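Close look at the chain arrangement
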Amino acid sequence: MAQGTVQVTHGGASRWRRRSGEYPTLGAALAVAGDGDVLSVAPGTYRENLVLRHAVTLRGPEGAAAGSVRIAPLDGVALTVRASAVVQDLYLEGADRAAPALLVEEGSPEFSDLRVHTRSASGIEVRGGARPLVRRCTVENPAGVGIAVLDGGGGVFEECEVVAAGQAGFSVRGGHPRLERCRIHHAIGAGIAVTGEGSGLEALGCEVYEIKGSGVQVSARAAARLTDCAVHRTSGDGVTLDTDAVLSLAGCDIHDIPENAVDLRSRSVLGLSRTTVRRFGRNGLSVWDPGTRVEAESCEIHDSTGDYPAVWVSDGATASLDSCRVHDVPDALFVLDRGSRAEVLDSDLSQVRNTAVSVSDGGTARLEDCRIREAGTGAWFRDHGSGGGLSDCTVDGVQTGVIVSKGADPTLERVTVTSCAEAGFYVSAGGRGTFTACRVTGSSGFGFHVLDGCRSVLTGCHTERCARGGYEFAEDGPLAEGCTGDGPAARLTAAAPAGAPAAGARPAGPAAAAQGLAGRTAEVPGRAAAPLPEPRAREAAGRGAGEVLGQLDALVGLDSVKREVRALTDMIEVGRRRREAGLKAASVRRHLVFTGSPGTGKTTVARLYGEILASLGVLERGHLVEVSRVDLVGEHIGSTAIRTQEAFERARGGVLFIDEAYALAPEDSGRDFGREAIDTLVKLMEDHREAVVVIVAGYTEEMERFLTVNPGVASRFSRTITFGDYGPQELLRIVEQQAEEHEYRLGEGTARALLDYFTELPKGPAFGNGRTARQTFESMVERHAGRVAQLAEAGTDELTLLFPADLPALPAPC
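Residues numbered from 1 in each chain as written. Predicted model: local features only at pLDDT ≥ 70, side-chain atom pairs only at ≥ 80, totals over all residues. Heavy atoms only, no water.

1. Considerations on the sheet that holds strand E65 (residues 719-723)
Defined as follows: Any two strands with at least two DSSP bridges between them are considered paired. For the purposes of this entry, the term helix denotes a DSSP run of H or I that reaches at least four residues, the term strand denotes a run of E that reaches at least two, and both are numbered from the N terminus. All axes here are fitted lines through C-alpha atoms, helices being fitted over the stretch that makes contact, and every angle between N-to-C directions spans 0 to 180 degrees.
Ordered by their spatial adjacency, five strands build an open sheet running E62-E63-E64-E61-E65, and the pairing between neighbours is parallel. Of all strands in the sheet, those with a lone pairing partner are strand E62 (624-627) and E65, marking the two edges. Pairs of neighbouring strands in the sheet enclose a mean axial angle of 20°, with direction left out of account. Summarising the sheet, strand E61 (residues 592-596) and E65 pair through five bridges and their orientation is parallel. The residue bridging Phe594 from the neighbouring strand is Ile721, located in E65.

What follows is the structure in structure tokens.
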């Protein structure tokens, strides 16, 4: 038939059938239709398997309700197209798990306003050389793939929607389709999956969401390009690349992803431009394996909902960030493993809860012209082989600017650190590093803090307004040349020959000064050379051991404690005399564990113990520095080691007393930083064994657990002194001492009442032993004042005598 209109009615005969070209079935009409013919299908359900072999137009009647024409065979393919046909306004149903509902095998057909509702292998399948144009079509296939393009197929899909799929929403294997303004959601496995060598996909303005699995998967040498697309609300990763895959994302938005926003592995290559990654649960960019590479330009990564670095580069992978912003994340960039590399240019890293840039296990990170703001640690080069560095970068408003530790050797040029809460540059544990023309301004700690054995090189560096000093170097420390600052001259350093200590470096403590630094000068450009300070005089020299031991003996109770301290003192004194006589002296472990309840005198005895050791010449000063977990443990990676080191330095020459030390190792530690404090402390005790005595204290049972958290802890603390609870008689004696000291007296019957009071007093968790006795005395004094203030006149007895009525009421049992 030539240019005719073929009308098909569902069932029934018509006497006009032959004249009007009406046929009872679609199959019959197609059998006589030729190229250019139009088949207008009347409303109804057609249980036929249709095959279009000619360039016909197959459409539902104009003005009919959507879905009024249903093609629904019992099995097999509902509609097969092998020509450049036009198909409009049809509802296709399939029920064959082994076949698609719509199969396009040849030609360049056009499909518009189709609704495919099926439980088949795929809703729409394009294969061979077919290049369809598919507009405004909807696919729902809870049993299989939504749309599949296979084996050389292609085509353009405009404003299509996959509303449900039991497998991938849009699958490409060996094909090259283009998607424009499509929506793919409620699929399982992947929203878009592109797999296999020669496979490709281009998507423009599309949206992929509500996926049980990954939003977009590209794998096995496939390639894809997404422009102005959105991927969100997946149960797995947002975008994944694997095995030599190549993907380009331009102007895309990836958000609300519970896992990695973008994950690539096995030599895959990712290019991002003008793309936003936000609200992700693990890494924003996760890059793994040798040959894997990501290049990001003008991108933004922010608002992490998890506890992982925003950009993770490991196992030899490479990442490049140019003009990017990373903010509101736990950590910004982590580079791990030998061969892993990150290049960051003209980028902003801000509002980072922990570390902005972390480099470890031989990785390399280079930052140029970058800005790091509001972070815990600006950059941390963690260990041997970890390198790279920063140039022309600024670090502002952080806890610590740059940390170099454990043999790491980065290069830092023209790096400016401002307004940091701790050190601007901190080098420890054998770290090295080359610092050229670096500046620190407004630090609440030191500008440059370089610990023992760290052979850093500083050239032309400058510090201003650093609260603790511009430069803090150990004697065997860095080489420095042309460094300046506005602090005291003794805190600055001049050049030192290779292999020698830095001349003019400020000693880390009195012991360092005593080892030959006295008399050197620090040369500061534009200033006169100033002598370094002499070693600090021993502060406890005015009191002998006997006097301090007498004060110890005067304490109430603590008989076993006194015996232990006297035994230690005797060992130390005899050892000193043996050495003077040229005899060998036994090594005495001076670090102690104090166990017992609060208020049993642990802090007081620790203070006296320090004075005793100072009077015997074992410690230089004998002063007590008391700390607890809050003083040692920081809130971000890196700050704990710094706080512990600084507490140890404050105690140099004396006693570091750590109260409730077991809190550093809670039983359910998770990502707790307390163990980092323990590890740091153990190493410091080994490296500076003569400089500080460490006493750890706490409840007996908890301290027993504390001694097992690190193999080095138990070996460092070989002696435990237990402080028993005070009995009622000892508590009474403390009250009597308090009364005598404050010029009060106990009236008749008051001592007996106090004994009864302390016997009946509940010994719950809040009971403080000696502290409770002192608080009881203070309460008696307050009640006495309230009683005596009501008298018109009061003599000496009224003003000094405390009676049973002045005792506070017994608290309720705990």
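2. A look at the state of the cysteines
This is how it is decided: The disulfide definition used here is simple: a pair of cysteine sulfur atoms within 2.5 Å.
Tallied over the entire structure, the rule returns zero disulfides. Between Cys324, a cysteine without a disulfide, and Cys299, which holds the nearest cysteine sulfur, the sulfur-to-sulfur distance is 4.7 Å. You can see Cys370 has no disulfide; the closest cysteine sulfur is in Cys393, sitting 4.7 Å from it.

3. Details of the pairing of strand E44 (residues 371-381)
Quick note on the threshold: Using a 1.4 Å probe on the protein chains alone, a residue whose accessible area is under 20% of its type maximum counts as buried, one over 50% counts as exposed, and one in between counts as partly exposed.
Among the 11 residues that make up E44, eight are buried, leaving the element largely enclosed by the rest of the structure. When strand E42 (residues 348-360) meets E44, the two strands line up parallel, connected through eight bridges. Bridge pairing in E44 places Thr355 opposite Thr377. Strand direction decides the pairing type here: E44 and strand E46 (residues 394-396), joined by three bridges, are parallel. Paired with Arg373 across the bridge in E46 is Asp396. With four bridges joining them, E44 and strand E47 (residues 400-405) adopt parallel strand pairing. The residue bridging Thr377 from the neighbouring strand is Thr400, located in E47.

4. Here we look at the packing of aromatic side chains
Here is the rule: Aromatic pairs are defined between Phe, Tyr and Trp rings, using the six-membered ring for Trp, whenever the two ring centres lie within 6.5 Å; interplanar angles under 30 degrees are classed as stacked, those over 60 as edge-to-face, and all others as tilted. Throughout this description, the term charge over a ring refers to an Arg CZ or Lys NZ atom that lies within 6 Å of the ring centre and within 35 degrees of the ring normal.
Across all of its chains, the model carries nine aromatic pairs by this definition. Taken together, a centroid distance of 6.1 Å and an interplanar angle of 85° make the contact between Phe435 and Phe448 edge-to-face. Of the two residues, Phe435 is situated in strand E51 (residues 434-436) and Phe448 in strand E53 (residues 446-450); the sequence distance between them amounts to 13 residues. Neither residue differs from the other here; Phe435 and Phe448 are each classed as buried. Here the aromatic rings of Tyr471 and Phe473 are separated by 5.8 Å at their centres, their planes lie at 70°, and the arrangement is edge-to-face. Taken together, the aromatic side chains of Phe425, Phe435, Phe448, Tyr471 and Phe473 make up a single cluster linked through ring pairs. Over the face of the ring belonging to Tyr308 we find Arg282, whose NZ or CZ atom lies 4.3 Å from the ring centre.

Bear in mind that shape data such as this cannot, by itself, settle questions of function.
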